[in-house]
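# What the coordinates show
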Amino acid sequence: MFHVKHHISHRMKISMVPEFSKYRTPKRSSLLMRMSRMRPFLSAAGILVDEDQERLFQQYIELLLDWNKRTNLISRKDESHIVEHHLFESLACLLSVKFLPGQRIVDVGSGAGFPAIPLAIMCPENQFLLIESKRMRMLFLKEVIFQLNLNNAEVIGERVEHIASMEDYQEKFDIAISRAVASLVVVYQWVKNLIKPGGYYLAWKGGDVRVEIEQLIRIERQLSVEILPMNAALIPPESNKLFVQVNKQAL
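Let me sum up the structure you'll find in this document. Source: prediction; values computed, not measured.

What counts, and where the lines are drawn
- Residues numbered from 1 in each chain as written.
- Predicted model: local features only at pLDDT ≥ 70, side-chain atom pairs only at ≥ 80, totals over all residues.
- Heavy atoms only, no water.
- Helix = DSSP H or I, 4+ residues; strand = E, 2+ residues; numbered from the N terminus.
- Buried < 20%, exposed > 50% of the residue type's maximum accessible area, 1.4 Å probe, protein only.
- Contact = heavy atoms within 4.5 Å.
- Areas by Shrake-Rupley, 256 points an atom, 1.4 Å probe, with all protein chains shown as cover.
- Polar contact = N/O pair within 3.5 Å; in protein donor to acceptor, adjacent residues only side chain to side chain.
- Pairing = 2+ DSSP bridges.
- Expected span 1.5 Å × (residues − 1).
- Salt bridge = Lys/Arg side-chain N within 4 Å of Asp/Glu carboxyl O.
- Arc of directions from axis to C-beta.

The next point concerns the overall build of the protein. Helix and strand counts for the protein come out as 10 helices and 8 strands. Considering the protein as a whole, with its 251 residues, one finds that 53% of them fall into the buried category. Partitioning the contacts of the protein with sequence separation of at least 6, the portion at a separation of at least 24 is 72%. Surface summary for the protein: the accessible area is close to 11900 Å², and the carbon and sulfur share equals 50%.

Take the environment of Arg210 next. Within the secondary structure, Arg210 is located in helix α10 (residues 210-219). With 17 residues separating them along the chain, Arg210 and Ile227 place their C-alpha atoms 9.7 Å apart.

Structurally, Phe88 is set in helix α5 (residues 82-91). Along the backbone, Phe88 and Asn231 are 143 residues apart, and their C-alpha atoms lie at a distance of 9.9 Å.

This part is about the side chain of Glu226. Assignment of secondary structure puts Glu226 in strand β7 (residues 224-229). Note on Glu226: relative accessible area 18%, which makes it buried.

Turning to the side chain of Asn231, a few remarks are in order. Within the element layout of this structure, Asn231 appears in the loop between β7 and β8 (241-247). In this structure the side chain of Asn231 is engaged in a polar contact, spanning 2.8 Å, whose partner is the backbone nitrogen of Ala233.

Here we take up the pairing of strand β5 (residues 173-179). Taking burial as the measure, the 7 residues of β5 include 7 buried ones, the bulk of the element. Pairing between strand β2 (residues 104-108) and β5: 3 bridges, direction parallel. Along β5, the bridge assignment pairs Asp107 with Ile177. In this sheet, strand β6 (residues 195-206) lies alongside β5 in parallel orientation, the contact comprising 6 bridges. Note on β6: the bridge partner recorded for Phe173 is Ile195.

Moving on, we come to helix α4 (residues 51-68). Between its terminal C-alpha atoms α4 stretches 26 Å, which fits the 26 Å expected from 18 residues at 1.5 Å a residue. Taken together, the buried positions of α4 are occupied by Gln53, Glu54, Leu56, Phe57, Tyr60, Ile61, Leu63, Leu64, Leu65, Trp67 and Asn68. For α4, the capping residue at the N-terminal end is Asp50, with a side-chain oxygen 3.1 Å from the backbone nitrogen of Asp52.

Looking now at the pattern of salt bridges. In total, this model carries 10 salt bridges according to the counting rule given. One salt bridge in this structure joins Glu212 and Lys205, with 3.0 Å as the shortest N-O distance. Residue Lys205 is classed as buried on the basis of its relative accessible area of 13%. Counted as one network, the salt bridges with shared partners bring together Glu89, Arg179 and Lys241.

On to helix α7 (residues 135-147). In a regular helix each residue adds 1.5 Å, so 13 residues correspond to 18 Å; α7 covers 18 Å between its end C-alpha atoms and thus fits that length. All of the buried residues in α7 are Met138, Phe140, Leu141, Val144 and Ile145. The arc enclosing the buried residues of α7, seen along the axis, measures out at 160 degrees, which places them on a common side. Along α7, exposed side chains directed more than 90 degrees from the buried face belong to Arg135 and Phe146. Those residues of α7 hidden inside the fold are in contact with α4, α6 (116-122), β3 (127-131) and β4 (153-156).

Written out as structure tokens, the structure is:
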């Protein structure tokens, strides 16, 4: 039996993003200055960031901008929109799902670290495994984890298909996450052996995902799928960004 559920969060404050976006500028110093204004925006949406976490976000962005000069972590055109396009999108899931203390989370195709690094900063009681096969991106993530002293995060420089075939990792994670990696069908085939029975896969998506969902449930007949809108306090509704939660059947 398949279920596609539409879940709407009621904790919304629509005015946030338009106000924040007026500070956009490509200059690095201005970008970091805008990050100091990030806390009240997140607080208004229901995400409380303390001073230590704010400092770690700033340190992370500085490292990202430095490394982005040498290797392609994010688009150069996107550097001035890191807060809105990457940090806010990463953290938006905290308003849609709840990570319980002690849960293990695997991020596949981690790239520049979104969403896993921001979530590791905000969720110190959870353990995060980042899987990134591209060498320079993996080295960047290792450097971020070291410099930020994120004891709840580690990175593996392997293809996720290889990790999923290893018994040490099979059914060891409560949640799998991915952002801008591949289709639901492709990623779920990678992560389904990593997720514990009763766990779930959370995908950051945009646009119309109905075809992807239909393709997935034709292959995996025991799944339930939920569509979760991103909170409008952080992400403008017209961006059509959303989460797809794929629930693995419990034993």
